[in-house]
Amino acid sequence: MRPSTAAFLFFAIVSSLFALTFIDAMLRQPAAVASMAQRARVVSDYGLTDLALFTEARYTRHPSQADLHSAFQDHPVAFEHFPSGSMIPPPAGLRR
Amino acid sequence: MIDFFRRQRYLVDFTLSSLLRRKGKHLGMLLVYSLVVFVLASVMLFSHALQREAGVILQSSPEIIVQRVVAGRHGLIPGNYLEPVGRLRGVSATQARLWGYFYDAALKANYTVMVPPDRQLGHDEVVIGNGIARIRGVDIGDYMTLRAHDGGGISFRVTEIVWPESELVSADLFLISEHAFRSVFGIPEGQFTDLVLSVRNPREVGKIAEKISIKLPDARPILRDEVLRTYGSVFSWRQGIVFVLLSGAVLAFVIFAWDKAAGLSAEEKREIGILKAVGWETGDVLRMKFWEGAIISLAAFLLGYVAAYAHVFYGSAGLFEPVLKGWAVLYPDFRPSPFVDPLQVISLFVFTVLPYTIATIIPIWRAAITDPDAVMR
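Computed from a predicted model, the values in this text were never measured in an experiment.

## Here's the deal with the overall build of chain A
The helix and strand tally for chain A stands at 3 helices and 0 strands. In chain A, the order of α-helices and β-strands from amino to carboxyl end is α-α-α. Among the 96 residues that make up chain A, the fraction classed as buried is 35%. Summarising the internal contacts of chain A: among those between residues at least 6 apart in sequence, 24% fall at separations of at least 24.

## Examining the overall build of chain B
Secondary structure summary: chain B contains 14 helices and 13 strands in total. In summary, chain B has a C-alpha radius of gyration of 31 Å against a globular reference of 21 Å for 377 residues, an excess of more than 25%. In terms of its C-alpha atoms, chain B occupies a principal-axis envelope of roughly 95 × 45 × 40 Å. Here chain B holds 377 residues, and the buried ones make up 38% of them. Pairs at least 24 residues apart make up 80% of the contacts formed inside chain B by residues separated by at least 6 positions.

## Notes on the domain arrangement of chain B
Residues and elements named next belong to chain B. If you check the domain split of chain B, you get domain 1 (2-58 + 230-376) and domain 2 (63-223). At the interface, 6 residues of domain 1 touch 11 residues of domain 2. Tallied by class, the residues present in the side of domain 1 that touches domain 2 amount to 5 nonpolar, no polar and 1 charged.

## Some details on the sheet that holds strand β5 (residues 99-104) of chain B
Residues and elements named next belong to chain B. As summarised here, the arrangement of the 6 strands in space is β5-β6-β10-β7-β9-β8, forming an open sheet in which the pairing is mixed. The strands lining the two open edges of the sheet, one partner per strand, are β5 and β8 (143-147). The mean inter-strand angle of the sheet, taken between neighbouring strand axes irrespective of direction, is 40°. Relative to strand β10 (residues 173-175), strand β7 (residues 125-128) is paired through 2 bridges, and the arrangement is antiparallel. Paired with Val 127 across the two strands is Leu 175, which belongs to β10.

## What about the interface of chain B and chain A?
Counting residues at the interface gives 62 residues for chain B and 47 residues for chain A. Elements with a minimum of two residues in the side of chain B that touches chain A: α1 (2-21), α2 (23-57), β2 (73-75), β6 (109-114), α5 (167-170), α8 (224-262) and α10 (282-313) of chain B. In terms of residue count, α8(B) provides more of the side of chain B that touches chain A than any other element does, 9 residues in total. Of the residues contributing to the side of chain B that touches chain A, the split by class is 39 nonpolar, 13 polar and 10 charged.

## Brief notes about helix α9 (residues 266-277) of chain B
Since one α-helical turn is 3.6 residues long, residues separated by three or four positions face the same way. All names here are of chain B. Taking 1.5 Å of rise per residue, 12 residues should cover 16 Å, and α9 covers 16 Å from first to last C-alpha, within 8% of that figure. All buried positions along α9 are accounted for by Ile 272, Gly 273 and Lys 276. In an axial view of α9, the angular spread of the buried residues amounts to 100°, which keeps them on one side of the axis. Immediately beyond the C-terminal end of α9, within one or two residues, lies Gly 279, with a positive phi of roughly 110°.

## With respect to helix α1 (residues 3-46) of chain A
Helix length check: α1(A), at 44 residues, gives a terminal C-alpha distance of 61 Å against a target of 64 Å (1.5 Å per residue), a fit within 8%. Gly47(A), located one to two residues past α1(A), shows a positive phi value of around 65°.

## Details of the environment of Phe243(B)
Here Phe243(B) is to be found in helix α8. Considering only alpha carbons, one finds Phe243(B) and Met44(B), 199 residues apart in sequence, at a separation of 9.4 Å.

## Observations concerning the packing of α1(A) against α1(B)
The description of two packed helices rests on the angle between their axes and on the distance between the axes. Contact geometry for α1(A) and α1(B): axes closest at 8 Å, N-to-C directions at 90°. When the interaxial angle is binned, α1(A) and α1(B) end up roughly perpendicular. Across the interface between the two elements, Pro3(A), Ser4(A) and Ala7(A) from α1(A) touch Arg9(B), Val12(B), Asp13(B), Leu16(B) and Ser17(B) from α1(B). Its residues placed into classes, the contact of α1(A) with α1(B) shows 4 nonpolar, 2 polar and 2 charged.

## Notes on the nonpolar core
With 106 residues, the main nonpolar core has Val37(B), Leu45(B), Val66(B), Phe174(B) and Ile176(B) as its most contacted residues. Residues in contact with Phe174(B), not counting those within four places in the same chain, are Phe102(B), Tyr111(B), Thr112(B), Val113(B), Val126(B), Ile128(B) and Ile132(B).

## Examining the packing of α1(B) against α10(B)
Residues and elements named next belong to chain B. For the pair α1 and α10, interaxial distance at closest approach is 9 Å and the crossing angle is 60°. Regarding the angle of α1 to α10, the classification is oblique. Between α1 and α10 the crossing geometry is right-handed. Only Asp 284, Arg 287, Met 288, Trp 291, Glu 292 and Ile 295 of α10 make contact with α1, whose side of the interface consists of Leu 11, Val 12, Phe 14, Thr 15 and Leu 19. Partitioned by chemical class, the residues of the contact of α1 with α10 number 7 nonpolar, 1 polar and 3 charged.

## Re the confidence of the model for chain B
Chain-level statistics for chain B give a pLDDT mean of 86 and a share of 94% at 70 or above. Two summary scores accompany this predicted model of the complex, namely pTM at 0.82 and ipTM at 0.79.

Analysis parameters
- Residues numbered from 1 in each chain as written.
- Chains lettered and ligands numbered in written order.
- Predicted model: local features only at pLDDT ≥ 70, side-chain atom pairs only at ≥ 80, totals over all residues.
- Helix = DSSP H or I, 4+ residues; strand = E, 2+ residues; numbered from the N terminus.
- Buried ≥ 20, exposed ≤ 12 C-beta atoms within 10 Å, placed from the backbone.
- Contact = placed C-beta atoms within 7 Å.
- Rg over C-alpha atoms; globule rule 2.2 N^0.38 Å.
- Domains from an automatic or database assignment.
- Nonpolar A, V, L, I, M, F, W, Y, C, P; charged D, E, K, R; others polar.
- Pairing = 2+ DSSP bridges.
- Axes fitted to C-alpha atoms, helices over the stretch in contact; angles between N-to-C directions.
- Expected span 1.5 Å × (residues − 1).
- Arc of directions from axis to C-beta.
- Parallel < 35°, antiparallel > 145°, perpendicular 65-115°, else oblique.
- Core = buried A, V, L, I, M, F, W, Y, C linked by C-beta atoms within 7 Å.
- Left-handed = near helix turned anticlockwise from the far one by under 90°.
- pLDDT = per-residue confidence, 0-100.

As structure tokens, then:
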């Protein structure tokens, strides 16, 4: 087989996979939207305000409800004790 | 036209044979290049999917939350604050909420304990999030005990587990009755964590928040827009932080790629000289090198992106879990919804494929326009 034929076959396969990712995202979207609507219902039923991504401290569990200076309690740009504290920005109000 | 394609095909054949002569070096390069694209694409896809998800589901969060600030910190709010707030024009409903945190020393995890609005639970009943159920290994009908503020234990029977697919927002929820909440935390009657307001006209939200601040100077209104903005910035920030952390590795790769693509070895220069001596035109040499850059960078982009898509949307972004989890014991088991922003994919393509392809052409052009005899010497 000529090298160009092999390369063509390789690119045909990976390009199809690349295109498939978009088709897959499109096909899974209706189910994802329905599932998101259910999650939104849980949010509205219980009056939730935040994602349960960081449960280690109160200001990382509910960044939107935290005290004005927590997330960065010592001063607004201090390094945090908790690893995820270093990934959460100062509250929007402080940066305005 | 056919001639053009035939010519390009011969050039590709020649380029590939030349690449295969130094197989190890080029395969290594392709692997590192694909890994760089994989990490960048994973961060991009994951952040975008979560940002989109937070933006949609948190649209259902309360419109205005009123907290009381005591000595610069969030304090309990008296129930009689409901009355002046409820009388404000435009406020359609008010509700006082009770919620807080409970640290489970056995598990070393924080629960979010809440009294669910509009739902009556028995004094010994609890509805738990699936994260707690998974980590504690409890099911419906089992008992869980919380250590109350006075040191006594209060047991609750699990009557329901919140829909597991909502773990992203409910993994650590521990929902109990108002009576049980006050018994556990020792919060007196008439005191609440915060107030929640519904507003008839969304355009009046800002005005109402202003009026609350005037009427209740020790209150801090938090608007839904601020909640959404917080999440918008959290994900942009995190994506930025990861990119900054990665920038060292990316720069090292850029230097390596630039050196590989731009710095011509004596062997390569000799090859160009020989090609020109046997009759290749400058244009052919440039085309050959263009194909070399394009084949490597395009293959790396496609492989890296496809792997990143599978990692984020089929593997639940498992490689990021330790970073996101931090010190938390309770981490939601969730699979991001597959939302892809085509503009981001195009940007990734432009920033990863084009620079390498261009970097390969410029030095070759310099070598290709010089005299073959001088290049070979």
